[in-house]
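Chain and residue survey
Okay, here's what each chain looks like letter by letter:
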Amino acid sequence: MSNMEIRFGGSGGQGLILSGRLLFQAFVMDGKHAAQSQSYEPTSRGGFCNADLVVSEGEVDYPLVSAIDYLVLLDQIGVAPSAAMINPGALVLSDSRLVPAPPTGEFTLHQAPFTDEAIALGSHRAANVVALGTLVALSGICGRDTVTEAVRAGTPKAFVDLNLDALRRGFEIADELAPAEAGAKVVQL
Amino acid sequence: MNEMNSGGFEIRDYLRLDLMPHFMCPGCGHGIALRALLWAVHELGIEKDNLAIVSGIGCSGRVGAYIDANTYHVTHGRPLAFATGLKLARPDLEVIVITGDGDCLAIGGNHLIHACRRNLDITCLMLNNEVYGMTGGQVSPTTAETRLTTTTPSGNSEPAFDACKLAEATGAGLVGREVTMQTPALRNLIKKGLEYKGFSFLEVMSDCTEIYGRKNDLGESAEMVLAQKSDMRPEAYSTITEQPFRPNRLVTGILASNDRPEYGATYRDQAAALRGDDNGEA
Amino acid sequence: MTATLQNLHGNHACAMGAIAAGCRFFAGYPITPSSEIAERMSRELPLVGGTFVQMEDEIASIAAVLGASSGGIKSMTATSGPGFSLKQENIGLAAMAEIPCVIANVMRGGPSTGMPTRPSQGDIMQARWGSHGDRPVIALAPASVKEIYDQTIRAFNLSERYRMPVVLLFDQVVSHLLEPVELADRSSLQLVERQWAKGPSAEFEPFARTADGVPPMPRPGDGLRTHTTGLTHGEDGFPSQDPEVATRVTQRLLDKIEHGRADIEAYECHDTDDAEILVVACGISARAARAAVRQARAKGIAAGLFRPITLWPFPEEALKAALGKAKAILVPEMNAGQLVLEIERICGHDLAVEGLNRIDGQAIAPAEISQRIEELAGK
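The model shown is predicted, which means the values in this text are computed figures rather than measured ones.

What about the overall build of chain C?
Scanning chain C from N- to C-terminus turns up 12 helices and 16 strands. The C-alpha radius of gyration of chain C comes to 21 Å, within 12% of the 21 Å expected for a compact globule of 379 residues. Here chain C holds 379 residues, and the buried ones make up 66% of them. Considering only intrachain contacts with a sequence separation of at least 6, the fraction spanning at least 24 residues in chain C is 77%. Counting every atom, chain C has about 13000 Å² of accessible surface; 49% of that belongs to carbon and sulfur. With 36 positive and 46 negative side-chain charges, chain C shows a spacing of 3 Å between the two charge centroids.

Remarks on the interface of chain B and chain C
Every contact between the two is made by 39 residues of chain B and, on the other side, 40 residues of chain C. When chain B packs against chain C, close to 3300 Å² is buried across both sides, 58% of that on carbon and sulfur atoms. The interface formed by chain B and chain C holds three salt bridges in total. Here R225 of chain C makes a salt bridge to D49 of chain B, at a shortest N to O gap of 2.7 Å. Our count for the contact surface shared by chain B and chain C stands at 19 residue pairs in polar contact (both at pLDDT 80 or more). Residue assignment for the side of chain B that touches chain C shows that the elements contributing at least two residues are β2 (70–73), α3 (79–89), α5 (109–118) and α10 (263–278) of chain B.

Regarding the domain arrangement of chain C
All names here are of chain C. Domain parsing of chain C yields domain 1 (3–188) and domain 2 (268–376). Once you take the C-alpha centre of each, domain 1 and domain 2 turn out to be 26 Å apart. Facing the 28 residues of domain 1 at the interface are 23 residues of domain 2. Buried surface at the junction of domain 1 and domain 2, summed over both partners, amounts to about 2000 Å²; 58% is from carbon and sulfur atoms. Summed over the three residues of domain 1 that lose the most area to domain 2, namely Q121, I124 and M125, the buried surface amounts to 31% of that side. On inspection of domain 1 and its partner domain 2, the count reaches two salt bridges. For the salt bridge of E179 with R287, the shortest nitrogen-to-oxygen distance reads 2.7 Å. The tally of links from domain 1 across to domain 2 stands at 14 residue pairs in polar contact (both at pLDDT 80 or more). Looking at the side of domain 1 that touches domain 2, the elements that each hand over two or more residues are β6 (115–119), α5 (124–129), β7 (138–140), α6 (145–162), β8 (165–171) and α7 (172–175). Broken down by class, the residue content of the side of domain 1 that touches domain 2 amounts to 16 nonpolar, five polar and seven charged.

Details of the interface of chain C and chain A
Accessible area lost during the coming together of the parts is what is often quoted as the interface size. On the side of chain A, 19 residues touch chain C, which itself brings 24 residues to the contact. Summed over both sides, the interface of chain C with chain A buries roughly 1800 Å², with 56% coming from carbon and sulfur. The interface formed by chain C and chain A holds four salt bridges in total. Residues R118 of chain C and E41 of chain A are paired through a salt bridge, measuring 3.6 Å at the closest nitrogen-oxygen approach. Inspection of the chain C/chain A interface yields 13 residue pairs in polar contact (both at pLDDT 80 or more). Considering every element that reaches the side of chain C that touches chain A, the biggest residue donor is helix α9 (residues 283–298) of chain C, with six residues.

Looking at the sheet that holds strand β3 (residues 94–100) of chain B
Across the sheet, eight strands lie side by side as β9(B)-β7(B)-β8(B)-β4(B)-β3(B)-β1(B)-β2(B)-β10(C); this open sheet has mixed pairing. The two strands at the open ends of the sheet, each matched to only one other strand, are β9 (253–257) of chain B together with β10 (227–229) of chain C. If you compare each strand with its neighbour and ignore which way they point, the axes differ by 15° on average. Across six bridges, strand β7 (residues 174–179) of chain B lies against strand β8 (residues 200–205) of chain B in parallel orientation. When the sheet's bridge partners are listed, G176 of chain B is paired in β8 of chain B with L202 of chain B. Set on the sheet, α3 of chain B makes contact with β1 (51–55), β2, β3 and β4 (123–128) of chain B; between it and β3 of chain B the angle comes to about 175°.

Things to note about the sheet that holds strand β12 (residues 277–280) of chain C
All names here are of chain C. Pairing is mixed across the open sheet formed by five strands, whose spatial order is β11-β13-β12-β15-β16. Because the sheet does not close on itself, it has two edges, and the strands there are β11 (267–270) and β16 (352–357). Ignoring strand direction, the axes of neighbouring strands in this sheet form an average angle of 20°. Packed on one face of the sheet, α9 meets β11, β12, β13 (303–308) and β15 (328–333) and runs near 165° to β13.

Regarding the arrangement of the chains
The pair of protein chains exhibiting the most contacts, out of two pairs of chains in contact, is chains B and C. A minimum C-alpha distance of 18 Å separates chain A and chain B, which share no contact.

Quick word on helix α10 (residues 316–323) of chain C
Turn by turn, an α-helix covers 3.6 residues, leaving residues three or four places apart pointing in a common direction. Residue and element names in this part refer to chain C. Listed as buried for α10 are E316, A318, L319, A322 and L323. Down the axis of α10, the smallest arc covering the buried residues is 165°, so these residues share one side. For α10, the exposed residues lying more than 90 degrees away from the buried face are E317 and A321. Those residues of α10 that are buried lie in contact with α8 (243–264), β11, β12, β13, β15 and α11 (339–347).

Notes on the nonpolar core
In globular proteins that are soluble, nonpolar side chains generally tend to be buried together. Counting residues in each nonpolar core, the largest one holds 85 residues, and the members touching the most others are F26, I37, M41, M76, I138, I369 and I373 of chain C. Each of domain 1 (3–188) and domain 2 (268–376) of chain C gives at least three residues to this core. One finds L120 and V175 of chain B together with L278 and A322 of chain C within the second-largest nonpolar core, a separate group that totals 80 residues.

Conventions adopted
Residues numbered from 1 in each chain as written. Chains lettered and ligands numbered in written order. Predicted model: local features only at pLDDT ≥ 70, side-chain atom pairs only at ≥ 80, totals over all residues. Heavy atoms only, no water. Helix = DSSP H or I, 4+ residues; strand = E, 2+ residues; numbered from the N terminus. Rg over C-alpha atoms; globule rule 2.2 N^0.38 Å. Buried < 20%, exposed > 50% of the residue type's maximum accessible area, 1.4 Å probe, protein only. Contact = heavy atoms within 4.5 Å. Areas by Shrake-Rupley, 256 points an atom, 1.4 Å probe, with all protein chains shown as cover. Lys, Arg positive; Asp, Glu negative; His and termini not counted. Charge placed at Lys NZ, Arg CZ, Asp CG, Glu CD. Buried area = accessible area lost by both parts, 1.4 Å probe. Salt bridge = Lys/Arg side-chain N within 4 Å of Asp/Glu carboxyl O. Polar contact = N/O pair within 3.5 Å; in protein donor to acceptor, adjacent residues only side chain to side chain. Domains from an automatic or database assignment. Nonpolar A, V, L, I, M, F, W, Y, C, P; charged D, E, K, R; others polar. Pairing = 2+ DSSP bridges. Axes fitted to C-alpha atoms, helices over the stretch in contact; angles between N-to-C directions. Arc of directions from axis to C-beta. Core = buried A, V, L, I, M, F, W, Y, C linked by side-chain atoms within 4.5 Å.

Here it is, written out as structure tokens:
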């Protein structure tokens, strides 16, 4: 049974767990089996933090990632714990300002100013959702409508508008980055 | 203290007589404290079925078993924590904690300060005999300075706790102290504690004649309680901050009252409001 | 039976399972990685007429739970390794005084403060032997979020039925895992309610030797006015150091487990019928093992998995039955070798029993287990 492994990596407080949870919700809405786990440092803010998803057609055996197919990096601190786990052929998105030294290897890397775009929309805290939009649009791992619905349902009321704007901005970034690739799947389930 | 002025109080009605004779040493003040407690229970008309006695470990911890009620003898230092769960789960019960100076102030000290702060409707009787009697006479947090115990062979050099000051400072709703010799006064104090809706901390000056008294040549029981009564032990109950080496009177009666909302009622009101707002399923 | 699908974290599933089981009292103290159980209970309990209290320390939390349960309310606490250590004396009291309660222990790296946010299975033996003296122990080790929900309900049922503390052992990974959980319709749940003693009070023995070894419990306010103590006590509840009484009452406590084994033990077998390499694992390690066994089977290796869900008492006969064609046993666990000791005790005389251990705060990956399976199979 082939699994799809996805990680949002960065620094504690960047909303990585929320991104993971929103994408989890989108997969569940698509009828897929998913498990979302997290690893983090004892500090609530500033240490590394990973939100991981394993997606499967059947029940997920082992819920932790070991060969990452999709990686979103929002802070340099998230690079080291993940670099050795990136699957050949993976899709890696990294923040162009906060990840000055992204990982290198046999995979597709896109750098985009997720955090700066979020600041332009009103809050750096929405960088996680901008990146989520770009990931979904670029990879097609789930539909744009599905993830939009998941964000609408899974965001605290006060931030719904901001997060929907952030998600749309993420889609646009994907279209700007690689119009030809948009919708292509790196790993077929 | 004879039955003539006991207002119909017959202690046997409240005791598990088949457990007699009790384990307490001749001259121990704990039996008098037990009598005063049951007298107060009688005068307030508290039903034995609804009476829950929680005690810890030590001589004080064994007293509760003689009461014909729902009695719990739990781990060392934890009767207040156990009683907190019992009272929150069963607010209909009258919950009384019987503890000692070691149980309450040393191993259980953390629970005391938080029980005072929380102000749940529990009455706590701390029987202070200044020593770990059950284990053979070691120094306790209330042992007076210079006293001999089996672990202070050259005399105690640690200052003694003023438990009532601690209870007052940490917010106990009602704080009081009494000596066993004034049994009716002790009964009255316990009645006030039982009637108070909140946490009441009552320090009962007991005496350990057999171990502590003999070790320190304090005389027989009568002499020990008379000494308490007349406040003739100058080094006793001094505090760290107030002239620790000078005579300090043993003050009795209600020492502090800090009337504020009882925690259990506050929690239940808040929960009821939540259920009302959320259409809960209680 | 209708069921609702909810996406839950492991810790939240524990709280929801407890509520479904009828738990109406929780006392706890913050500790990573279990705190979300307390947080969820603080929100849920007032809504169902229950009580949540954050106590001043770990010891106070379990003591308050015993108080509430003595009052007749299904009660629980949750903690992690360091707090579990602090609770041990009162877990002993619960066993001795036969006070039902549930303790969830979310295992993290140790010893001492260790690695608070990293998973571990280092408390398997603490759950068994952590409190002094000979006492009965039930410990359950769920491996998924759904199973945390189910086993929490079961923990309450076993606790109420056998009048003893029941420990839930799961690790940081599962506690913070988000998975879809089917929440059973409450009316379809099989819930065990404590047997309450009824008068008359004169002849009543609160710790009587009953047919099933579990005496009905007196509830304060019901008129029986009994004594409960952590001291060794006779059937009447009062302290006794009579050697005969001590033997009789202590043995009865232990016998509750032996008599209930069939009911208490739970386990799962995957491909064990013809397995030559048998993997024995629990919790998150068992999920890695399940993936590894699948991979091994794909390569033509006869591997199987025995997964104890009840860790204590260990499902001994079920393991022996699963041994069938086994030539070697592999025990992957996130500690220096605890579960393996029990497996060696049960079948070490006839078979090679090997451990696969990690003590670095990392979960064991399927690839590590498949590699060892292949080595053991000689491939």
